[in-house]
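Descriptive structure summary
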Amino acid sequence: MATNLQFIKSQKADNVSSLTVNNIFSADYDIYEVIVIGNGSQNVSSLSAEFVDSGGSDIGQGAYDTAIHRLHYNQAFDDVRTTGANSFEFAFTSHVDHDFATKLTIYNPFSSSKFTFANMQSASQSAEKNIVFCGVTTSATGMKFSANQNFTPIHVNVYGVK
């Protein structure tokens, strides 16, 4: 696999509870690197993402499966597994530290004949590695990032892998 990153898009927002980044997936690439950094407001505890189509609708509603291996700053590792979820966790913040950074490697998001997979590494006060499976073959053109409180801010950079 080649490892040249081709810049596609950068998008930033502040004081919003969700950010949709459109027109980032196309037939030009099969693999993408998405970097998400930011901060959540005081009580943020749930950071989730989903793949969206050109109309902004979630393509994987009820079809996200995840496996998460998480290291907490104050306790041992734990594992989280979900099946049939409406979105997937992309970072795990705590009541003390709301800063986060995540790198997603996404496979086949634009394909309408293959499933979409993603590997993630994220850091906040806890660190985690995730695997995501989207159990539909609908073509995605973007992503939506959501929080239970406002992002202050959120910044997304997208690269295609050649």
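Look above for the structure.
Being a predicted model, the structure only gives us computed values, none of them experimental.

Considerations on the packing of aromatic side chains
Two aromatic rings, taken as a pair, are described by how far apart their centres are and by the angle between their planes. With the rule as written, the count across this model stands at 12 aromatic pairs. Ring centres of Phe90 and Phe145 lie 5.3 Å apart, and the angle between their planes is 80°; this geometry places the pair in the edge-to-face category. Taken together, the residues span a long stretch of sequence, with Phe90 in strand 7 (residues 88-91) and Phe145 in strand 11 (residues 142-161) at a distance of 55 residues. A network of ring pairs unites the aromatic residues Phe25, Tyr29, Tyr32, Phe51, Tyr64 and Phe88 as a single cluster.

Overview of the side chain of Glu33
For Glu33, the position within the fold is in strand 3 (residues 31-40). Taking the relative accessible area as the measure of exposure, Glu33 reaches 14% and is therefore buried. Of note is the side chain of Glu33, whose polar atom sits 3.0 Å from the side chain of Thr105.

Considering the nonpolar core
Counting residues in each nonpolar core, the largest one holds 33 residues, and the members touching the most others are Phe51, Phe90, Met143 and Phe145. It is strand 11 that provides the largest number of residues to this core, a total of seven residues.

Notes on the pattern of salt bridges
Going through the model one piece at a time under the given rule, you end up with three salt bridges. Between Lys103 and Glu33 there is a salt bridge, with the nearest N and O atoms lying 3.7 Å from each other. One end of the pair, Lys103, is in strand 8 (residues 99-107); the other, Glu33, is in strand 3, with 70 residues separating them in the sequence. For the salt bridge of Glu128 with Arg70, the shortest nitrogen-to-oxygen distance reads 2.9 Å. Of this pair, Glu128 sits in strand 10 (residues 127-134) while Arg70 sits in strand 5 (residues 64-71), and the two are 58 residues apart along the sequence. Of the two residues examined, Glu128 and Arg70, each falls in the buried class. Via salt bridges that share partners, Arg70, Glu89 and Glu128 belong to a single interconnected network.

Rules and cut-offs
Residues numbered from 1 in each chain as written. Predicted model: local features only at pLDDT ≥ 70, side-chain atom pairs only at ≥ 80, totals over all residues. Heavy atoms only, no water. Phe/Tyr/Trp six-rings, centres within 6.5 Å; stacked < 30°, edge-to-face > 60°. Helix = DSSP H or I, 4+ residues; strand = E, 2+ residues; numbered from the N terminus. Buried < 20%, exposed > 50% of the residue type's maximum accessible area, 1.4 Å probe, protein only. Polar contact = N/O pair within 3.5 Å; in protein donor to acceptor, adjacent residues only side chain to side chain. Core = buried A, V, L, I, M, F, W, Y, C linked by side-chain atoms within 4.5 Å. Salt bridge = Lys/Arg side-chain N within 4 Å of Asp/Glu carboxyl O.

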